[in-house]
Amino acid sequence: MLPQLTLITLLGCTWMTVTGLPCTQMSRSQPPPSNVNSITPADVAVFSSVGLHMHSTKLSTVVSRLQELMSLFNPALINPLSDETNMYADQSVQRSTLVEQAKEVSLYLQNSQNSWKLVLLFVQVDQLCTCELQQVHSVIKSVVEGVDDALQLLHSQLKQTIVSVALWDGEHDSLANRMCPCMETNSKGEARLVRAMLTHALQESLNELLVKKHWYADREDFTVILQDSPFITDLSSVASGKPLSESQASQQTDKLMVQMWTNLLQPTSGQHNTDDNGKTITLPCPTEDRPFLRTEGNSPSYHHTDASPLLHPFTGTEMPCEDFSPSASTPTSVHELRPGDIKVVAAVGDSLTAGNGIGSSPYNILDVLNQYRGLSWSIGGDDNLTTVTTLPNILKYFNHNLTGYSVGMGKQHTANAFLNQAVTGAISNDMPSQARALVTRMKEDSRINFESDWKVITIFIGGNDICDYCDNSLIFSVDNYVSNVRETLDYLHKEVPRALVNLVEPLHILPLREMHMDPSLKCPTWLVNILCPCVILPKPNSKALQMLEELNRGYQRSLSDLVESGRYDTRSDFTVVTQPFFSEIVVPRLPDGRADRSFFSADCFHVSQKAQTLMARSLWNNMLEPLGHKTAIQDFTNNMKLKCPTETSPYIRTYRNSNYTYAGPSPTPGPITNWGSDFSCVDLAPSDIVPTSVHKLRPADIKVVAALGDSLTAGTGAKAKHVFELDNEYKGVSWSIGGDNTLETVTTLPNILRNFNPSLKGFSKGQGSRQKGFNMAVSGAKTSEIQTQTQALIKAMRESKEVNFEKDWKLVTIFIGGNDLCHYCIDQNNLSPKNYSYNLMLSLDTLYKEVPRLLVNVVEILQIDRLKAVNRNTLGCRLLQREGCPCVIIPDANSPEFEEIKRINSEYQAEIQYLISGDRYDGKEDFAVVLQPFLRHSFIPYIGTGEPDPSFFSVDCFHISERTNAEMAIALWNNMLEPVDRKQAYNNFTYDRSKIHCPSEANPFIFTKINSLPSPPVMTTTTDTPTSNTATTSSPAPTILVPKCTSPMPIWVPVVVGIFSLLAGIILTWIILSYVQRQKKNVAVEMKGTGF
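Reference entry: report on the structure contained in this document.

The rules we used
Per chain, residue numbering runs from 1 following the sequence as it is written. Residues qualify for local features only when their pLDDT is at least 70, as the model is predicted, and side-chain atom pairs are given and counted only at 80 or more; totals for whole chains, interfaces and linings, by contrast, use all residues. As a rule here, side-chain values cover all heavy atoms of the structure and leave hydrogens and water aside. The working definition used for a salt bridge is a side-chain nitrogen of Lys or Arg within 4 Å of a carboxyl oxygen of Asp or Glu. Secondary structure elements follow DSSP: runs of H or I no shorter than four residues count as helices, runs of E no shorter than two count as strands, and numbering proceeds from the N terminus. Buried means the residue's accessible area, taken with a 1.4 Å probe over protein chains only, is under 20% of the maximum for its type, while exposed means over 50%, and partly exposed covers the values in between. Throughout this description, the term nonpolar core refers to a set of buried Ala, Val, Leu, Ile, Met, Phe, Trp, Tyr and Cys residues connected via side-chain atoms within 4.5 Å. When checking whether two residues touch, look at their non-hydrogen atoms; a contact exists if any pair is within 4.5 Å. At least two bridges found by DSSP between two strands are what make those strands a pair. In this description, a line fitted to the C-alpha atoms serves as the axis of each element, helices being fitted only across the stretch in contact, and the angle between N-to-C directions of two axes falls anywhere from 0 to 180 degrees. Defined by distance alone, a disulfide is two cysteine sulfur atoms within 2.5 Å.

Side note on the pattern of salt bridges
Here the structure, examined in full by the defined rule, presents 25 salt bridges. We note a salt bridge from E514 to R589, for which the minimum N-O separation is 2.4 Å. Placement of E514 in the loop between β11 (499-504) and α15 (525-531) and of R589 in the loop between β13 (585-586) and α18 (609-624) is noted, with a sequence separation of 75 residues between them. On the accessibility criterion, E514 (29% relative accessible area) is partly exposed. Linking D845 and R920 is a salt bridge whose minimum nitrogen-to-oxygen distance equals 2.9 Å. With D845 in helix α23 (residues 833-850) and R920 in the loop between α26 (896-917) and β18 (927-932), this pair connects stretches of sequence that are 75 residues apart. Taken as a pair, D845 and R920 share a single burial class, namely buried. One network of salt bridges, with partners in common, ties together E549, R553 and E584.

The structure is reproduced here in structure tokens:
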């Protein structure tokens, strides 16, 4: 019991169930071992580490928890460095090399030469910085040489030692970019790929070093091992670039500790199954047959060779066609287009079109960074069809003067790329910009007659959207995916004459998982977990996997529906054709039934030239198949032949020459007459007895609503039709406090709550201040003015005859900060992030001190830089927007001033998160502050090509319309019904009257930090009021830290154990004292007292 209780403490109260301890093999070896291959965890007497630096806060925590775990096996375990003044605290040491740190550790361990030692040596991935691919090998070589020097020093100085080498890639913040600024020039997706590939290359190089050095095991008392995979804080955060919440970060720290512990042990079957839906951590134990710490001597690892018979597979194709002639005269209709009429080829997309890794050897993962554009299936033009199968090489048979294809290697901006404008890591949102770059190249190139040449453009996108879907289901939703593709096609339709667009459906990506389910294939799964976490990480038959399948199919259907609408068939020289050969995938297999890795590049994620060959054939065959009869499966086991145009069907197939009738667009919905919402909640009852705890508050218990803020809460311009109405405050439609009409026609938070409690008080109505209720918001207000609004609100509530100030439950919503950001560049000192948080703290402190029975919603400030995209050619937008928010609107988009505002915006968000996440406001049972984050990652809805939807903004392009007020009210309400740390941090601006969520029988209360926990924690209640410091700081007042976590075991267990332990101690003490008294009858013993 004690080891498990101890472990729960060291795992940081992360609300996970811990299983696995105590282990059966926890005793020391007898006699003490003399061989390094026979060391158990309990035999380790000294624990130390090399490679920490000033930025390794997460790593330090992981190492500390691992040491505590090791102490359960040997309570006498020591870390000589932990008792010093932390050798890594000195910045000169923090910047020292691995060799210098190894020398320091060796000196500290000289007095422990007769004890077995475990030394962890960490190699920091953030030291990898290379701006040119040619530099990669020299940079990695330099790092490996540093590791080799450190290991040689440890080998020469230490006895009885196991050194475990591990890559640490856990400090994912702007530090890496500051240390390697050239990474900032890459796209987000490309930067992720580059970092992952460099990490893998370093892992492989360290492995080669240890093989070459025979693991430094020329003595029986010393060896070095390499941990199987790097340590990465959280794969979804790496994919998205967004930070984890505090609880998520703590959970990840625990998981990394478990990963580190698991890799130290000898591998056993089922060892890697350590996580069950994120709720259970299973700590593996040494077993009777495999009790030792892993070494190469007791657990040999797998080492591949570079030799492979699949290094140069046959990738050419035989051309079976005979008639290559073009039309007698250049056609004017796309429906009469022969292959020989095509003069120009072009393509946009992601890394599968850019050509990453197509020509790489099976185990050269670093080479996947190279973009083999000349081999790309839809646009490459290297050599000819007999050696390289691509769509252009097929078309060259029909027109020797074909142009536009890419050759050789390079990025999209190089001359070799030509009209291959695909970008590694691209998502659907990148397609419009790629299309614009493509059209610019077409227009500027003298080899292309832009007006008269026939063009084939291939679009293939969606894989990376699916890979990142679980990180943000709104950004990567089906609606946004098809919206991005629609914007791209709309642009091409408008700008490009004489064009046929191949719209290739996104591949059915789930079969990719099979490559990473079979360990015998030796795929670098940890690497693909970074590149595509949402596909690889979900467990079989899980809900997450089902949602991914639905998304994948939704992407495919949405493209078909878009084309079937007939949107792109309004003129005779342009059409879009969906090519569905990727709709289903048949995984290629080896004779023994396993998946055939030769169809993939070295990373088992990108595809090899062997697969690209079949993709090119499938695309060509799809182009010649009539609509309604196209092949919708990519069978990689079928060595298909090319189809040919026939005398009766000589054209590339379109809907018209296929005699195909589109299904047509969906019926046009009727006009929207109001922004009301439907209400479907059933359980509307209040609590049986008025609750005394804010954590038991039901919606119907709320009697009073109020709001503090600026013009967005005051309702400024919400219903304005022209600039002269902009100063009007339409308080009755304000999202958080308005109460005009009913929910059926006006969506606001009070109108939702009035369905639960028709007697609700405090909401504002109409226009102006006459019926403002408790809407204290003031147009133009900054955070420094919130305290004044707070005091006015308290006075108004105390004086109101409709409010029982002491007994009524109240809900106050605070939303402020936009004006601070808009004017930050003018008054940086007073509008600093610290002052923003401090001013909010003053108001919250006042509410905490003076208002009983209160729940406060603090709405997180939005990403205000998005307003720059809102621009219409009207007087209101041109002038008033600049006047209302000069620090955002006036600077150029890429200017340092604009980047500074974005940074300050993020700091505002971080400051308020820090203030509210602490325990400053946890001391009263009838008071809570909850951060509602639905605007954290907000974005502006678009219509057409890059044009923001004007219905979301007032006539000045700055204030929000009634429609946006309705959307924010729904998002706020839904946030209130979501647990803390699991709230939706973005807003879905798609119109839907049925988006309002309902309390459930299992969760009938409005969520607070306390009732969001799996079970009620033990609380220490105090009546002390938070004290407001005069300094401008947001740090919480000093408090006694009280753990708020509960053990996964029943709460009475440790109590009973404690009582029995106490009784046992008393009895044992009585026995000993009785014995002493009998032995010393002549000695008088005076007991002066014992304190417990």
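Observations regarding the nonpolar core
One recurring pattern in soluble globular proteins: nonpolar side chains tend to sit buried together. Grouped together as the largest cluster of nonpolar side chains are 151 residues, with contacts concentrated most on L121 and L492. If near-sequence neighbours (up to four positions away) are discounted, L492 is found in contact with A435, V439, I457, I459, V501 and F574. By size, the runner-up hydrophobic cluster in this structure holds 55 residues, among which are Y824, L840, I861 and F989.

A short note on the sheet that holds strand β17 (residues 854-859)
An order of β15-β16-β17-β18 is seen for the 4 strands of this open sheet, with the pairing classed as parallel. Edge positions in the sheet fall to β15 (702-709) and β18, since each has one partner strand and no second. For this sheet the average axis-to-axis angle between neighbouring strands, irrespective of direction, equals 20 degrees. Relative to strand β16 (residues 809-815), β15 is paired through 7 bridges, and the arrangement is parallel.

Remarks on the pairing of strand β5 (residues 222-226)
Most of β5 sits inside the fold, with 5 of its 5 residues counted as buried. Side chains F222, V224 and L226 of β5 all project onto a buried face; the interleaved residues T223 and I225 project onto the opposite face, where all are buried too. Alignment of strand β4 (residues 161-169) against β5, held across 5 bridges, turns out to be parallel. Bridging across to β5, S164 finds its partner in I225.

Thoughts on the state of the cysteines
For the structure on display, the rule yields 8 disulfides. Sulfur-sulfur distance for the disulfide between C23 and C285 comes to 1.9 Å. Disulfide C23-C285: the torsion about the S-S bond is -75 degrees, which places it as left-handed. Of this pair, C23 sits in the loop between β1 (17-19) and β2 (44-50) while C285 is found in the loop between β8 (280-282) and β9 (342-349), placing the two residues 262 residues apart along the sequence. Judged by relative accessible area, C285 falls into the partly exposed class, the value being 23%. One disulfide in the model links C467 with C532; its S-S distance is 1.9 Å. Its torsion about the S-S bond being -85 degrees, the disulfide of C467 and C532 is classed as left-handed. Pair noted here: C467 is in helix α13 (residues 463-467) and C532 is in the loop between α15 and α16 (533-536), with a separation of 65 residues, a long-range link. With respect to burial, C467 and C532 carry one shared label: buried.

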